[in-house]
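Structural overview
Each chain, letter by letter, is given below.
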Number of protein chains: 2
Amino acid sequence: MTEAFANEAAALLGDKGFTRDSDTIEPWLTDWRGRYTGKALGMASPADAQELSALVKLCVKHGVPIVPQGGNSGMVGGATPDKSGRALLLSTRRMDVISVDPEAREAKCGAGAILEHLHDAAEAKNLRFPLSLGGKGSATIGGLVSTNAGGTQVLRHGVMRSLVLGLEVVMPDGAILDLTSPLKKDNRGFDLKQIFIGSEGTLGIVTAAVVKLSPAIAERRVVWTGLGDLHAARRLLLHCERELGGALEGFEVLPESCYRTVIDYLPGAKPPLESHHVWHALLEFAADQEQAATLGDRVERCLAAAMEEGLFDDAAIAANETQAEAFWQLREMIAPAERAHARAVQHDISVPPADMPETLSVIEDALAQEFPDHEVRAFGHLGDGNIHLHVLAPANAADDWDFGKAKEVSARVYRIVSDRGGSISAEHGIGQDKLATLEETHDPAALELMRTIKEAVDPAGLLNPGKLVPLARGEANT
Amino acid sequence: MTEAFANEAAALLGDKGFTRDSDTIEPWLTDWRGRYTGKALGMASPADAQELSALVKLCVKHGVPIVPQGGNSGMVGGATPDKSGRALLLSTRRMDVISVDPEAREAKCGAGAILEHLHDAAEAKNLRFPLSLGGKGSATIGGLVSTNAGGTQVLRHGVMRSLVLGLEVVMPDGAILDLTSPLKKDNRGFDLKQIFIGSEGTLGIVTAAVVKLSPAIAERRVVWTGLGDLHAARRLLLHCERELGGALEGFEVLPESCYRTVIDYLPGAKPPLESHHVWHALLEFAADQEQAATLGDRVERCLAAAMEEGLFDDAAIAANETQAEAFWQLREMIAPAERAHARAVQHDISVPPADMPETLSVIEDALAQEFPDHEVRAFGHLGDGNIHLHVLAPANAADDWDFGKAKEVSARVYRIVSDRGGSISAEHGIGQDKLATLEETHDPAALELMRTIKEAVDPAGLLNPGKLVPLARGEANT
């Protein structure tokens, strides 16, 4: 049966579109962090939605599961097939066209278009696509849609969902759903594109997206501040939102421990502040052409008022673009620096922003009591209530720490977050990594509705099986 | 069976929560424009989601269809039951609590909370809820969510969907789905609240919503301009978006014919401009406290540059708030003035904004040829690509014009709009009014997916039957 499918797929897609060569396929069978490895009966790279439509019909005929993959830079194993070798790995990389409409401030992108290429294409028209993240050199538009990606600019511009105007999707039966007409108002029944955004390829395969662009940034101010605690950071955030809300582009926080780790890790890194602080916050304010001339003054007024109210202990405004980039570099290097520093278990959690400082205290207290030799480090997007919480393995941790103690730590963290109405996955998604945790912590009515939709839309269960949607109790996720 | 259900419902909800008194129920059985009248076996007004949950379970037990109703001010008969008398009319009016969190800039509202009351509650905290429409004195938050309402401020703030942070929903089996935790980032699988927004009560009954508030407007400038044609209006819009995009709050257009009708209709109305123009545009620019001081200058600069480029023929900036209100009054009175002026068939259509002028020409040409004695009047939200297109009955129109020629006119309009990738319902929804048109014009793959979701989520079909979702071919919508 595999042979029959492979022959038909090869005939349909040609050499460019289908391969069974294991050297070619192998790099794509392990996620970039090396945590999941699977097998596939072949790899398809269709040229467009029409080819994919025909391919999906072939998969339906032969009962072949499909695992869609963009840049393979996800965090939860969502694009890695299982070990059975029954699935087809579906790469979107050939669907990579980008066309920018500067007047409408929109871009139409193939699913395989690389985020950084979209940034460049927008910039060439004096516009920008206001979503960015560490993996921008590999992450694809299709992947960003399917995972509803976040990043460091969500505070002002929202997550991927708020930037998507239209989608083209190949359905589990091969039908092509064209929702690309970029209408600003359309109340013809359910807004169908919403169900595909963030659904990790379990309901349909995104082949193209129309996204919203913003005016280019003409001027920015990047500020580093030192603070006493996270409550102070929250007060500073509210102050900036009140005083200069339309310009506040980012508000990132990190504790002294993360800060030190980055400074030590990064060759030639310079501390933005001479003084020492328990917490640090990185702020960015930005303005387009029309507001550019006054931005500097407005930021200085905003910070002076904050200083007067004692909302931070010390602050430095980057003197130029080089220094601004250096400030951001410190933030962006936290993850690799932390990875190099110590073994850790990572959590990408969110709660309502007002509750973030309190939640973090509760987590720290609980872990200090139950796992006294584990260090907690939390950094991330305070403005979105989204914290990346790393718990470091003790120096003498056992070899199987990752699969033992670390799991216990995570269970405790996720329980606290869920009990406070928070999310066990703020921006990384569920994939295969958090499937069991989702099942344990999610509202049963929500789980039930997810299953109902999945089973109705993909009754054969061929689209990205074993990801995102916990099966009904009693069935095994394979 | 009806008696048994009524007795159980009365016992469950008490006198305040359930009535079969025909005088009490009757006003709610006809939509406000008097176009649809239905019957109901009773009217329930549960106090909260828990009571509604128990009631829905009772409906399931007895097979009683449920027609949810908010302010009964919809445009498409979406809240009017059919004539069978089998359905229960479900009023959300008792769930009307509003609580504002000024720090988080959020409000939690019961489904029955009136839009105008939310405006007032936000204003009291120096905030605003940036969605408004003609029916604000009766429209409820639940209705606005269920219809994904638009209005005149969509250009800057988006439709209802973009303002909803969380929902509480009672499901077709009575389960309560609590999605009210207002997380800014949450990638735990499908964003379930999205399927209820705009689904007109066919998938679940919204009982509460958490919505986003904005800073209060501290300063605004309302401008009336006279233009040669709609292409000029489009160029002026693009100019304003480029020059002053962050402040552009509204951009409404109307032709001279609508303008004259309003001036004649409104006692004491004063023309904003002395000169005569083929088209008129009403612009609003607004700023919160931080940007207020400079708004006047910025608007004047923006208009001066537009004047220099010949983007309009004449313009008047409202000298004070009274005049600003008077300008808006002219816009808001178009619908009632037109209704008083002549019999007409109305269309609430949208296309990509760039295509609006061209689409309108095509429609006008087609109708001039095929219905030469019918006058076309188009006004509305140019910035959103959303035009309210009225086609006036000729003076000598037959009595059955509404059900004869008018239907032919509409079919022609909808066909043109659909062929150009537009929507047959930009903001009014589908309800029962446009159900057949949706089926005729919509992408079959999209219709199929709508049906699949409806049948999976509400397999007994008890939630608002005969609205929004065309049944599979062969089945009659009753």
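Residues numbered from 1 in each chain as written. Chains lettered and ligands numbered in written order. Predicted model: local features only at pLDDT ≥ 70, side-chain atom pairs only at ≥ 80, totals over all residues. Heavy atoms only, no water.

**Structural notes on the overall build of chain A**
Note the following rule: Every helix listed is a DSSP run of H or I at least four residues long, and every strand listed is a run of E at least two residues long, numbered separately from the N terminus. Only the C-alpha atoms count toward the radius of gyration. The rule for a globule is 2.2 Å times the residue count to the power 0.38. Throughout this description, buried means an accessible area under 20% of the type-specific maximum (1.4 Å probe, protein chains only), exposed means over 50%, and partly exposed covers the range between. Pairs of residues are marked as contacts when any of their non-hydrogen atoms sit within 4.5 Å. In this description, accessible areas are obtained by the Shrake-Rupley approach with a 1.4 Å probe, and a residue is regarded as covered only by the protein chains that are shown. A positive count includes Lys and Arg, and a negative count includes Asp and Glu. His and the chain ends are not counted in either. The atom standing in for a charge is NZ when the residue is Lys, CZ when it is Arg, CG when it is Asp and CD when it is Glu.
Within chain A, the secondary structure is distributed over 16 helices and 18 strands. Compactness check: chain A gives a C-alpha radius of gyration of 23 Å against a globular reference of 23 Å for 478 residues, within 12% of the reference. Across its three principal axes, chain A shows a C-alpha extent of roughly 70 × 55 × 45 Å. The buried share among the 478 residues of chain A stands at 59%. Looking at chain A alone, contacts between residues at least 24 apart form 73% of all its contacts between residues at least 6 apart. Roughly 18400 Å² of accessible area belongs to chain A as shown, and the carbon and sulfur atoms make up 49% of that amount. In chain A, the 46 positive side-chain charges and the 68 negative ones have mean positions that sit 3 Å from each other.

**Quick look at the sheet that holds strand β8 (residues 164–170) of chain A**
Pairing between the strands of a sheet is mediated by backbone hydrogen bonds and can be parallel or antiparallel. Residue and element names in this part refer to chain A. Under the convention used in this document: A strand pair is defined by DSSP finding two or more bridges across the two strands. The convention used is that axes are lines fitted to C-alpha atoms, helices contributing only their stretch in contact, and that angles between N-to-C directions extend from 0 to 180 degrees.
With antiparallel pairing, the 5 strands of this open sheet are ordered in space as β5-β6-β10-β8-β9. The sheet is open, and its two borders are formed by β5 (98–101) and β9 (176–179), each paired with just one other strand. Direction aside, the axes of adjacent strands within the sheet are offset by 15 degrees on average. With 5 bridges joining them, strand β6 (residues 106–110) and strand β10 (residues 205–212) adopt antiparallel strand pairing. By the bridge assignment, glycine 110 is partnered in β10 with alanine 208. Running at roughly 40 degrees to β8, helix α3 (residues 49–62) makes contact with β8, β9 and β10 of the sheet.

**Structural notes on the packing of helix α11 (residues 321–332) of chain B against helix α12 (residues 334–341) of chain B**
All names here are of chain B. The condition that has to hold: The labels follow the angle: roughly parallel below 35 degrees, roughly antiparallel above 145, roughly perpendicular from 65 to 115, and oblique for the rest.
The geometry of α11 relative to α12 is characterised by a closest axis approach of 5 Å and an angle of 45 degrees between their N-to-C directions. If you check the angle between α11 and α12, you find them oblique. Each of Leu330, Arg331 and Glu332 in α11 lies in contact with α12, whose residues at this interface are Ile334, Ala335 and Pro336.

**Some remarks on the domain arrangement of chain A**
All names here are of chain A. Defined as follows: An automatic or database domain assignment provides the domain bounds reported here. The term buried area denotes the loss of accessible surface (1.4 Å probe radius) that occurs when two parts are joined, taken as the sum for both partners. A side-chain nitrogen of Lys or Arg and a carboxyl oxygen of Asp or Glu constitute a salt bridge if their distance falls within 4 Å. Each polar contact in these results corresponds to two N or O atoms within 3.5 Å; when the atoms are within protein, one needs to be able to donate a hydrogen and the other to accept it, and residues that are neighboring in sequence are counted only if both atoms are side-chain atoms.
Along its sequence, chain A is carved into domain 1 (2–91), domain 2 (98–215), domain 3 (219–334) and domain 4 (342–428). If you average the C-alpha positions of domain 2 and of domain 3, the two centres end up 29 Å apart. With 7 residues of domain 2 at the interface, the matching set in domain 3 holds 12 residues. Summed over the three residues of domain 2 that lose the most area to domain 3, namely Thr152, Leu155 and Arg156, the buried surface amounts to 79% of that side. Of the charged contacts in the structure, one is a salt bridge between glutamate 249 and arginine 156, with a shortest N-O distance of 2.7 Å. Summed over the shared surface of domain 2 and domain 3, the result is 5 residue pairs in polar contact (both at pLDDT 80 or more).

**Here we look at helix α10 (residues 289–308) of chain A**
Keep this limit in mind: Helix span, as expected, comes to 1.5 Å for every residue beyond the first. Bend is computed residue by residue as the angle between axes fitted to the seven residues ending at the residue and the seven residues starting at it.
Across its 20 residues, α10(A) extends 30 Å between first and last C-alpha, which sits within 8% of the 28 Å expected from 1.5 Å per residue. Taking the largest bend as the criterion, α10(A) deviates by roughly 55 degrees, centred on A:Leu295. Listed in full, the buried residues belonging to α10(A) are A:Gln291, A:Ala292, A:Leu295, A:Gly296, A:Arg298, A:Val299, A:Cys302, A:Leu303 and A:Ala306. Looking at the buried residues of α10(A), the elements they touch are β12 (219–227), α8 (230–244), β14 (279–287) and β15 (314–317) of chain A together with α10 (289–308) of chain B.

**Some remarks on the interface of chain B and chain A**
Just so we agree on the cut-off: Just so you know the grouping, Ala, Val, Leu, Ile, Met, Phe, Trp, Tyr, Cys and Pro go in nonpolar, Asp, Glu, Lys and Arg go in charged, and all remaining residues, Gly too, go in polar.
Counting residues at the interface gives 74 residues for chain B, matched by 74 residues for chain A. Of the roughly 5600 Å² buried between chain B and chain A, counting both surfaces, carbon and sulfur atoms make up 60%. On inspection of chain B and its partner chain A, the count reaches 10 salt bridges. Residue B:Arg298 pairs with A:Glu290 through a salt bridge whose shortest N-O separation is 3.6 Å. At the junction of chain B and chain A, the tally comes to 39 residue pairs in polar contact (both at pLDDT 80 or more). Looking at the side of chain B that touches chain A, the elements with two or more residues in it are β9 (176–179), α7 (193–196), α8 (230–244), α10 and α16 (444–457) of chain B. Ranked by the residues each element gives to the side of chain B that touches chain A, the list is headed by α16(B), at 9 residues. Split into classes, the residues belonging to the side of chain B that touches chain A amount to 32 nonpolar, 23 polar and 19 charged.

**Some thoughts on the relation of the copies chain B and chain A**
Inclusion rule: C-alpha atoms of residues with pLDDT of at least 70 in both copies form the basis for the least-squares superposition of the copies.
Superposing chain B onto chain A requires a rotation of 180 degrees together with a translation of 0.0 Å along the rotation axis, leaving an RMSD of 0.0 Å. Here the two chains are linked by the operation of a two-fold rotation axis. A share of 100% of the interface residues of chain B reappears at the interface of chain A, consistent with the copies meeting face to face through the same patch.

**Observations regarding the sheet that holds strand β3 (residues 66–69) of chain B**
Residues and elements named next belong to chain B. Ordered in space as β1-β2-β4-β3, the 4 strands form an open sheet in which the pairing is mixed. Either end of the sheet is taken by a strand with one partner, and the two such strands are β1 (18–19) and β3. The sheet contact formed by β1 and strand β2 (residues 42–44) spans 2 bridges and is antiparallel. Paired with phenylalanine 18 across the two strands is alanine 44, which belongs to β2. Sitting on the sheet, helix α3 (residues 49–62) is in contact with β2, β3 and β4 (88–91), with an inclination near 170 degrees to β4.

**Description of the nonpolar core**
Basically, it comes down to this: Within this scheme, the nonpolar core is defined by two criteria: the residues are buried Ala, Val, Leu, Ile, Met, Phe, Trp, Tyr or Cys, and they are joined through side-chain atoms within 4.5 Å.
Ranked by size, the top nonpolar core spans 189 residues in total, and within it A:Ile141, A:Phe196, A:Leu389, B:Ile141, B:Phe196 and B:Leu389 carry the most contacts. Leave out the neighbours within four places in its chain, and A:Phe196 touches A:Val145, A:Ser146, A:Leu167, A:Val169, A:Met171, A:Leu177, A:Leu203, A:Gly204, A:Val206 and B:Leu449.

**Remarks on the environment of A:Glu103**
Structurally, A:Glu103 can be placed in the loop between β5 and β6. A:Glu103 sits 83 residues away from A:Arg20 along the chain, and the two C-alpha atoms are 44 Å apart. In contact with A:Glu103, not counting residues within four places along its chain, are B:Arg234, B:Leu238 and B:Ala354.

**Examining the pattern of salt bridges**
Think of it this way: side chains of opposite charge can pair up when their charged atoms draw near. Residue and element names in this part refer to chain A. Under the criterion given, the structure shown has 54 salt bridges over all chains. Between arginine 221 and glutamate 219 there is a salt bridge, with the nearest N and O atoms lying 2.9 Å from each other. The exposure class assigned to glutamate 219 is partly exposed, which follows from its relative accessible area of 31%. One salt-bridge network, held together by shared partners, links Arg220, Glu284, Glu321 and Glu325.

**Side note on the side chain of A:Thr140**
Relative to the helices and strands, A:Thr140 is located in the loop between β7 (127–128) and α5 (141–146). If near-sequence neighbours (up to four positions away) are discounted, A:Thr140 is found in contact with A:Gly70, A:Gly71, A:Thr92, A:Ala111, A:Gly112, A:Ala113 and A:Ile114.

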